[in-house]
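# Architecture and fold: a report
Chain by chain, the residues:
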Amino acid sequence: QLKEHVAQAAVEHILPLLAADSVLGVGTGSTVDLFIDALAPHRERFRAACSSSERSTQRLQQHGFQVLDLNTVETMPVYVDGADEIDGRLNMLKGGGGALTREKIVASVAERFVCIADESKLVDVLGKFPLPVEVIPMAAASVSRRLAALGGKPARREGFVTDNGGWILDVSGLAITAPAELESTINDIPGVVTCGLFALSGADAALLSTQQGIRTLAR
Ligand code: DER
């Protein structure tokens, strides 16, 4: 129930940031699912949501939230999302849920990124969890060769196609000592749609649930 605690804490943390005409950016994953559930009673506190996946869109709509097309939204006060790993400088490794592309796009429109996670996601160095990279399918092999040349061991996520029709390579074995630089390098490989490193622009705050309660990290 650590996830429930941080989901509730996230609702309390963001409500003061929202006005009646605000649009809330919503990430993807099991922690965000609980956040959406915890948000349901507060639907009147903001105008609508903007979602990072079909999965989150469905859950939001089931709770009666209006979900807007990002093309109709100019800015959002806050974007809430989970992470597979987060370090002490609020760099994140994301994409375990396969939604990394739309997550990074919606987060880029929001003023603040609030990461919600249980404390097991807090790491010293990113990369124990394989790094997801979304690719255009016809480039899977060529991108894999480039990732191997960087020291990674890429494996295609079998049978998985993203909301954008992309494939995902999960790359293990990378020593991610300079996450922003590696994000930039991977972004530049032809065929890469999105790298699961969120370090060029990481989170602005992180709410981490621990046995002793909620720990907040901020930039
Ligand atoms: O895919 C993603 O980036 C998700 O946010 C993921 O990293 C966190 O998912 P979880 O809350 O189910 O652990």
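Note that the structure is a prediction, hence the values are computed from the model and not measured.

### Structural notes on the pattern of salt bridges
Under the counting rule described, the total for this entry stands at 8 salt bridges. Residue Glu183 pairs with Lys104 through a salt bridge whose shortest N-O separation is 2.7 Å. You can see Glu183 sitting in helix α6 (residues 179-187) and its partner Lys104 sitting in helix α4 (residues 100-109), a full 79 residues away along the chain. Here the residues in one salt-bridge network are Asp33, Asp37, Arg55 and Arg59, joined through shared partners.

### Thoughts on helix α5 (residues 140-149)
Among the residues of α5, those classed as buried are Ala140, Val143, Ser144 and Leu147. Down the axis of α5, the smallest arc covering the buried residues is 105°, so these residues share one side. Along α5, the residues that are exposed and aim more than 90 degrees away from the buried face are Arg145 and Ala149. Tucked into the core, α5 has its buried residues touching β7 (131-135), β8 (153-156), β9 (167-172), α6 and β10 (192-195). At the exit of α5 stands Gly151, carrying a positive phi of roughly 100°.

### Description of the UniProt feature "active site" (unreviewed entry) in the chain
The UniProt record marks Glu103 with the feature "active site" (unreviewed entry), using the residue numbering of this structure. Setting aside its immediate chain neighbours within four residues, Glu103 contacts Gly27, Thr28, Ser52, Tyr79, Asp81, Lys94 and Phe198.

### Comments concerning the state of the cysteines
Simply put, the disulfide is a covalent bond whose two ends are the sulfur atoms of two cysteines. Overall, the coordinates contain 0 disulfides when judged by the stated rule. With no disulfide of its own, Cys195 has Cys115 as its nearest cysteine by sulfur position, at a separation of 16 Å. With a relative accessible area of 0%, Cys195 lands in the buried category.

### Examining the sheet that holds strand β12 (residues 205-210)
Strand order in this open sheet of 6 strands is β2-β1-β3-β6-β12-β13, and the pairing throughout is mixed. On the outer flanks of this sheet lie β2 (48-51) and β13 (213-218), each paired with one strand and no other. Each strand axis lies, on average, 25° off the axis of its neighbour in the sheet, ignoring direction. Bridging between strand β1 (residues 23-26) and β2 involves 4 bridges; their strand directions are parallel. Paired with Val26 across the two strands is Ser51, which belongs to β2. Along the sheet, helix α2 (residues 30-39) makes contact with β1, β3 (78-81) and β6 (113-118), crossing β1 at roughly 150°.

### Section: the pairing of β12
Of all 6 residues in β12, 6 are buried; the element is thus mostly enclosed. Here β12 shows two buried faces, one formed by Ala205, Leu207 and Ser209 and the other by Ala206, Leu208 and Thr210. The pairing of β12 with β13 spans 6 bridges and is classified as antiparallel. Each bridged residue has a counterpart across the sheet, and for Ser209 the counterpart in β13 is Ile214. Between β12 and β13, which pair antiparallel and follow one another directly, the connecting turn spans 2 residues.

Cut-offs applied
Residues numbered from 1 in each chain as written. Predicted model: local features only at pLDDT ≥ 70, side-chain atom pairs only at ≥ 80, totals over all residues. Heavy atoms only, no water. Salt bridge = Lys/Arg side-chain N within 4 Å of Asp/Glu carboxyl O. Helix = DSSP H or I, 4+ residues; strand = E, 2+ residues; numbered from the N terminus. Buried < 20%, exposed > 50% of the residue type's maximum accessible area, 1.4 Å probe, protein only. Arc of directions from axis to C-beta. Contact = heavy atoms within 4.5 Å. UniProt positions renumbered as here; feature names shortened; annotations may be inferred. Disulfide = S-S within 2.5 Å. Pairing = 2+ DSSP bridges. Axes fitted to C-alpha atoms, helices over the stretch in contact; angles between N-to-C directions.

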